[in-house]
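Take a look at the letters that make up each chain.
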Amino acid sequence: MENSFLEKLKIQLLDLLFPPKCPFCGKILRQPDAPSCGVCQVELPWLVGTSAEKNVEFTKKCLSPLAYRERVRKAIHRYKFSRVRAYAVPFGTVMAQCVQDQKLTQLDAVTWAPLSRKRLRSRGFDQAELLAREVGKRLDLPVLSTLEKSRHTAPQSGMGQDAARRANALGAYSLKEETSLMGKRLLLVDDVVTSGSTLGECARLLSQNGAEVFGLTLAQAGADGEHTGR
């Protein structure tokens, strides 16, 4: 009981010294636990209904709550390249809510599309893993490390053509040894889906080993989005 009280006190003190800010615009949050400020909640390019879905090979469907543009794109860049790890909490919250809004149920576990060892050393953390762990916590699902990136590749973001992205991702991943997936319904997490090459290659390995795979990303490139007032 005493430890719990001290932990709450510590969090309150940190909030006073470093008040939580909206990851999308940088304004101080009136509600510290909210994933965004009230303005961004209204103005972000939310994807709803079928617009939140994207066809990705070897997945049953791939869901994204946001379109990858404007302040969403800048926020994801800060998360990945400026190493703002704390963004995983609000991003994961929004992603988990998307799963619930889309009524995707009876999932068994969450997994992610991993970075190569080289990029992990350079960045210091795997952005998709942090998102997966936050989504798993929000949905009360176990998080499984099922894949590894066995071949370092050039960043997908630097490739414009879908064919180049597919060739870049092909054969870059492998299933971890002694991974049993037969009959499992897995939620495969990444930060952004563009052509679907990375998620599709990961989903191919998972599905070939008996899993039913659903994709989940924070944002979808090429989607228009709409101001829904969520």
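Scroll up to find the structure this text is about.
Residues numbered from 1 in each chain as written. Predicted model: local features only at pLDDT ≥ 70, side-chain atom pairs only at ≥ 80, totals over all residues. Heavy atoms only, no water.

## Thoughts on the layout of surface pockets
The cut-off we apply is this: Here a cavity denotes grid points, spaced 1 Å and computed from the protein atoms alone, that fit a 1.4 Å probe unable to get out, and a pocket denotes an open set having protein on both sides within 12 Å along at least 5 of 7 lines; residues with an atom within 4 Å of a point are the lining. Grid points are joined across faces, edges and corners, and a volume is the space filled by probe spheres set on the points. Put simply, DSSP H or I for four residues or longer makes a helix, DSSP E for two residues or longer makes a strand, and each gets a number counted from the N terminus. Classes in brief: Ala, Val, Leu, Ile, Met, Phe, Trp, Tyr, Cys and Pro nonpolar; Asp, Glu, Lys and Arg charged; the others, Gly included, polar.
The space that makes up the second largest pocket amounts to roughly 390 Å³. Every residue lining the second largest pocket is counted, 16 residues in all, and those nearest its centre are Pro20, Pro32, Ala86, Val89 and Pro90. It is helix H4 (residues 88-101) that contributes the most residues to the lining of the second largest pocket, three residues altogether. Considering only residue class, the lining of the second largest pocket consists of 11 nonpolar, one polar and four charged.

## As for the packing of H4 against helix H6 (residues 127-139)
We apply this condition: Comment: axis = line fitted to C-alpha atoms, over the contacting stretch for helices; angle = value between 0 and 180 degrees taken between N-to-C directions. Relative orientations are named as follows: roughly parallel for angles under 35 degrees, roughly antiparallel for angles over 145 degrees, roughly perpendicular for angles from 65 to 115 degrees, and oblique for any other angle. Left-handed describes a crossing whose near helix is turned anticlockwise from the far helix by less than a right angle; the clockwise case is right-handed. Whether two residues touch is decided by their heavy atoms; if any such pair falls within 4.5 Å, the residues are in contact.
For the pair H4 and H6, interaxial distance at closest approach is 8 Å and the crossing angle is 55°. In terms of orientation, H4 lies oblique with respect to H6. As for the relative orientation of H4 and H6, their crossing is right-handed in sense. Of the residues in H6, those in contact with Ala88, Val89, Phe91, Gly92, Thr93, Met95, Ala96, Val99 and Gln100 of H4 are Leu130, Leu131, Glu134, Val135, Arg138 and Leu139. Looking at the contact of H4 with H6 residue by residue, the class counts come to 10 nonpolar, three polar and two charged.

## Let's talk about H4
Residues that lie three or four places apart on an α-helix share one face, since the helix turns once every 3.6 residues. The following threshold applies: The span expected for a helix works out to 1.5 Å for each residue beyond the first. Think of it in three bands: residues with accessible area under 20% of the maximum for their type are buried, residues over 50% are exposed, and the middle band is partly exposed, with areas taken using a 1.4 Å probe on protein chains only.
Taking 1.5 Å of rise per residue, 14 residues should cover 20 Å, and H4 covers 20 Å from first to last C-alpha, within 8% of that figure. The buried fraction of H4 amounts to 10 of the 14 residues, a majority that puts the element mostly inside the structure. Residues of H4 that are buried sit in contact with strand S2 (62-63), helix H3 (70-81), H6, strand S7 (185-193) and strand S8 (212-220). Phi turns positive, to about 55°, at Lys103, one or two residues after H4.

## Brief notes about unusual backbone geometry
Phi angles above zero are rare outside glycine, and Phe58 is one such case at about 70°. Tracing the backbone through its elements, the reader meets Phe58 in the loop between strand S1 (53-54) and S2. With a phi angle near 50°, Glu70 is a residue other than glycine that sits in the positive phi range. Accessibility expressed as a relative area gives 43% for Glu70, which makes it partly exposed.

## Quick look at the side chain of Asp190
Stated formally: When charges are counted, Lys and Arg are positive and Asp and Glu negative, with His and the chain ends excluded. Within this document, salt bridges are pairs made up of a side-chain nitrogen of Lys or Arg and a carboxyl oxygen of Asp or Glu, the two lying within 4 Å of each other.
One can find Asp190 in strand S7. Buried and unpaired, Asp190 has Lys80 as its nearest opposite-charge partner, separated by 6.6 Å. Excluding anything up to four places from it in sequence, Asp190 contacts Met95, Ala113, Ala128, Leu131, Thr198, Leu199, Leu216, Thr217 and Leu218.

## A word on the pattern of salt bridges
Pairing between side chains becomes possible if they bear opposite charge and their charged atoms approach one another. Per the stated rule, a full pass over the model turns up 11 salt bridges. When the shortest N-O distance is used, the salt bridge between Glu134 and Arg138 registers 3.1 Å. Placement of the pair is Glu134 and Arg138 together in helix H6, with a separation of four residues, close to one helical turn. Since its relative accessible area comes to 7%, Glu134 is described here as buried. One salt bridge in this structure joins Arg204 and Glu201, with 2.7 Å as the shortest N-O distance. Taken together, the residues Arg204 and Glu201, both in helix H8 (residues 197-208) and three residues apart, mark about one turn of the helix. Owing to a relative accessible area of 21%, Arg204 belongs among the partly exposed residues under this scheme. On the basis of relative accessibility, which here comes to 6%, the residue Glu201 falls in the buried class. Several salt bridges converge on common partners, so that one network encompasses Lys60, Arg185 and Glu212.

## Focus on the pairing of S8
Selection rule: A strand pair is defined by DSSP finding two or more bridges across the two strands. Clockwise travel from the first strand over the helix to the second, with the strands pointing away from the viewer, marks a crossover as right-handed.
S8 sits mainly inside the fold: eight of its nine residues count as buried. Examined bridge by bridge, strand S3 (residues 66-67) and S8 share two bridges and lie parallel to one another. Paired with Leu66 across the strands is Ala219, a residue of S8. Strand direction decides the pairing type here: S7 and S8, joined by eight bridges, are parallel. Bridge assignment links Leu188 to a residue of S8, and that residue is Gly215. Between the parallel elements S7 and S8, the chain passes through H8 in a crossover that is right-handed.

Geometric values such as these leave the question of function open.
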